Amino acid sequence: MLRIHFTPEDVGRVRIAGEPDPLWETIFSVWRLRRPGPELIYGRWREHALRVSRRDDLELLLPLVRGAYYPDFLTPAEGSLGLPAALEVIKSTPATRLRGELAELVRHAGPKPSWMSSLAQGDAETVQRLAAALQSQYDGVIAPFWAEGRAHIEAERSRRARVLLDQGAEGLLDSFRPMMRWEPPVLEVDTPFDQTLHLDGRGLILLPSFLSYGTPDALRDTTLPPVLVYPIEHDLTLNPGLRPADGASLAALIGKTRTSLLESLGDGRTTSELARRVGVSAASVSQHTAVLREARLIQTNRAGKAVVHTLTPLGEALLGDQP
């Protein structure tokens, strides 16, 4: 179990990341190749990943991601700035840190391949190979699903934001049960490792992840910027099978009411809120949102007894909100 100790200042400095982190998702993609997760959630993605993952990349990445511990230097905080910036940070990791974290990996996971000794010494060519493997893995198995991942994370943020507005920061922390339990001033997190983290005024970044499943993850070095990566909920009753849209569902979108619904979504609306804004019945909204969801223009998630609808990147593009 991970126990995160908050000061009053830390409670006010809790933030939810706005997008998936490209390196955390890349690392989780390697983990999902070992541990598939539920077929209904990850089946389509994993079928694609098994087809396109390069053997040369996995020869480097699989030994680094093979148990409950994987080195912190693989997921620097600069991932929030984009993959190129994060890879530059990895390539500049000091050899002393590489040696320490790889030694910890061996302690947890057992024998290491021969190339790992070169990596632990900071060999420039080996570090460059690792960065190239991360880039290649991201390009092959993460980038094609990035828009889908963003849509899920945006829906998660919208749902949590409503909790924050209604119940405040402590209500937000308490909303993650059962995988996390807010027992002020400590957040208890179910993890496969035991650790105590004192935030000491630094705040906490909550990072929702599309490919994480089961238990949250955190950096093991408590001196690094605090981040807690947690799996989002995949509600298959609202998003059945993550099916690709077909031409018929897209053609069914043409019409004033559905256009009004898309334009009214903003940062997320419940069915009843949309009914009031557009001036139709809640039953009619449910029928229209089902079509919009099938066409992958909106994402729908539960928020308590209500459901919240949010735009996907495709929906935003249709409205002209982005190129």
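In the block above lies the structure referred to throughout.
Note that residues are indexed from 1 along each chain, following the sequence as it is written. For this predicted model, a pLDDT threshold of at least 70 governs which residues receive local features, and a threshold of 80 or more governs which side-chain atom pairs are given and counted, while totals over whole chains, interfaces and linings are taken from all residues. As a rule here, side-chain values cover all heavy atoms of the structure and leave hydrogens and water aside.

For two strands to count as paired, DSSP must find a minimum of two bridges between them. Helix and strand assignments follow DSSP, with helices taken as H or I runs no shorter than four residues and strands as E runs no shorter than two, numbered in order from the N terminus. Strand order in this open sheet of four strands is β2-β6-β8-β7, and the pairing throughout is mixed. Looking along the sheet, the strands with just one partner apiece sit at the ends: β2 (14–16) and β7 (217–218). When β2 meets strand β6 (residues 204–209), the two strands line up parallel, connected through three bridges. Its bridge partner lying in β6, V14 is registered against L204. Contacting β6, β7 and β8 (227–231), helix α2 (residues 22–34) runs over the sheet at an angle of about 50° to β6. What makes two residues a contact is simply this: any of their non-hydrogen atoms within 4.5 Å. Simply put, an axis is a line fit to the C-alpha atoms, just over the touching stretch for a helix, and the angle between two N-to-C directions goes from 0 to 180 degrees.

The description of two aromatic rings rests on the distance between their centres and on the angle between their planes. Centres within 6.5 Å are what make two rings of Phe, Tyr or Trp a pair, Trp counting through its six-membered ring; a difference in plane orientation under 30 degrees is then read as stacked, over 60 as edge-to-face, and the rest as tilted. All chains considered together, the criterion is met by six aromatic pairs. For the pair W24 and Y70, a centre-to-centre distance of 6.5 Å together with 70° between the ring planes defines the contact as edge-to-face. In this pair, W24 sits in helix α2 while Y70 sits in the loop between α4 (55–61) and α5 (83–91), placing the two residues 46 residues apart along the sequence. Residues W24 and Y70 agree in their burial class; the two are buried. Among the aromatic residues, ring-to-ring pairing joins W24, F28 and Y70 into one connected group. Either the NZ atom of lysine or the CZ atom of arginine qualifies as a charge over a ring when it sits within 6 Å of the ring centre and within 35 degrees of the ring normal. If you follow R32 out to its NZ or CZ, it ends over the ring of Y42, 5.5 Å from the centre. Between R220 and the ring centre of F193, over which it is positioned, the NZ or CZ distance is 3.6 Å. Residue exposure (1.4 Å probe, protein chains only): buried if accessible area is under 20% of the type maximum, exposed if over 50%, otherwise partly exposed.

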